[in-house]
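Chain residues, written in single-letter form:
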Amino acid sequence: MKISDKILQELIQRAGRDSVKADEPMKLHTTMKVGGSAAYYTEPGNEECVRDIIAILKHNDVPYYILGNGSNVIFRDEGYEGAVICLSKNFTGYTVLEETSDHAFVSVKAGTQNRDFAMEMMSLGLSGFEFASGIPGSVGGATAMNAGAYDGEIRYITDRVRLLDKDNIFLTKTCSQMDFGYRHSAASSGDLVVMETVFLLKKDDPQAIMARIEDLDKRRKEKQPLEYPSCGSAFKRPEGYFAGKLISDAGLKGAREGGAMVSEKHAGFIINADNASAADVIRLIEMVRERVYETQGVLLECEVKII
């Protein structure tokens, strides 16, 4: 993999030596635990640093990818000839902006883990984010894809989002301007980078909030293969169908490609069952799509980003 010492030093000078690595294995930073190395890997600590790193990369014609918790992405085994900007290590935290007797506006940085934020809000007696407490990702990623679970979606609690646009200018979009849809937002394409999301949350008893989180945890544990590395649901829900049922009806539970396997617990999950490679996972995704289309007449859309 070609790495420029000049670019590496520019990144180190801006972000700090401890926050920049070269030839970094991406399987260490993704929940599927597969994939090759990125030429450059950075962990900026604030939004100005994110902006400046992107400016350096653009000036040097280096492609880049914004990474949260790596829960919905696979890097190919050949690696990534660009830079990964990871927000989940240092770019975290929240601020209560405004509070009344029944609600609060809370701004949370994009790299904050969904679980961490849900538990912090529970301790403050603020409700609305419980549905995302078990989604293994960051708030920025959840906002960009309008993450949802158990009848909740990010768009239902979002007031506004602070973003960095393709010209490296900070701007704010209201919820209606974010063009939220099923697993989609204005930031889905990558032209806009989520910096912070402001949520409108309701006051509630912390014990009641915790009870809801524990109930969702129990339901996830019963239905999902949480004991294996995965990217969560591998496919988007086709209109009028459930991806997991289509895959199961196609007889694909337990189907394998190398170390990758369709979960026998939940067919919508592809898991790293035995030291899988990225190629194993990608081949299995394509095989599932082909088989479901052949047998069910429905073409599944992959929810996982392949870099």
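Residues numbered from 1 in each chain as written. Predicted model: local features only at pLDDT ≥ 70, side-chain atom pairs only at ≥ 80, totals over all residues. Heavy atoms only, no water.

1. Focus on helix α5 (residues 206–223)
The first and last C-alpha atoms of α5 sit 26 Å apart over 18 residues, in line with the 26 Å expected at 1.5 Å per residue. Turning to α5, the residues buried within the fold contact α3 (114–124), β8 (126–127) and β9 (148–149). (Helix = DSSP H or I, 4+ residues; strand = E, 2+ residues; numbered from the N terminus. Expected span 1.5 Å × (residues − 1). Contact = heavy atoms within 4.5 Å.)

2. A short note on the packing of aromatic side chains
Tallying each qualifying case throughout the model produces seven aromatic pairs. When the centroid spacing of 5.9 Å and the interplanar angle of 90° are considered together, the rings of Tyr 65 and Phe 75 count as edge-to-face. Placement of the pair is Tyr 65 in strand β3 (residues 64–67) and Phe 75 in the loop between β4 (73–74) and β5 (80–86), with a sequence separation of 10 residues. Tyr 65 gets classed as buried once you look at its relative accessible area, which sits at 16%. Taken together, the ring pairs in this structure connect Tyr 94, Phe 117, Phe 129, Phe 131 and Phe 199 into an aromatic cluster. (Phe/Tyr/Trp six-rings, centres within 6.5 Å; stacked < 30°, edge-to-face > 60°. Buried < 20%, exposed > 50% of the residue type's maximum accessible area, 1.4 Å probe, protein only.)

3. Looking at the sheet that holds strand β1 (residues 20–25)
With respect to topology, four strands assemble into an open sheet ordered β1-β2-β5-β3, the strand pairing being mixed. Both edges of this open sheet fall to β1 and β3, since each of them pairs with a single strand only. Strand-to-strand twist in this sheet, taken as the mean axis angle between neighbours without regard to direction, amounts to 30°. Examined bridge by bridge, β3 and β5 share four bridges and lie parallel to one another. If you follow Leu 67 over to β5, its bridge partner there is Cys 86. With respect to the sheet, helix α1 (residues 5–15) is in contact with β1 and β2 (37–42), its orientation differing from that of β1 by roughly 125°. (Pairing = 2+ DSSP bridges. Axes fitted to C-alpha atoms, helices over the stretch in contact; angles between N-to-C directions.)

4. Digging into the pairing of strand β7 (residues 103–109)
Counting buried positions along β7 yields five of seven residues, so the element is predominantly enclosed. Following strand β6 (residues 94–99), the chain reverses through three residues before pairing antiparallel with β7. Bridging between β7 and strand β13 (residues 193–203) involves seven bridges; their strand directions are antiparallel. Within β13, the position partnered with His 103 by the bridge is Lys 202.

5. Things to note about the pattern of salt bridges
Counted under the stated rule, the structure contains 18 salt bridges. For the salt bridge of Arg 212 with Asp 204, the shortest nitrogen-to-oxygen distance reads 2.7 Å. The structure contains a network of salt bridges with shared partners spanning Arg 14, Arg 51 and Asp 52. (Salt bridge = Lys/Arg side-chain N within 4 Å of Asp/Glu carboxyl O.)

6. Here's the deal with the sheet that holds strand β17 (residues 269–272)
Overall, antiparallel pairing links the four strands, which are arranged β14-β17-β16-β15 in an open sheet. The two strands at the open ends of the sheet, each matched to only one other strand, are β14 (230–233) and β15 (256–257). Here β14 pairs with β17 via two bridges, running antiparallel. From the neighbouring strand, Ser 233 faces β17, where its bridge partner is Phe 269.

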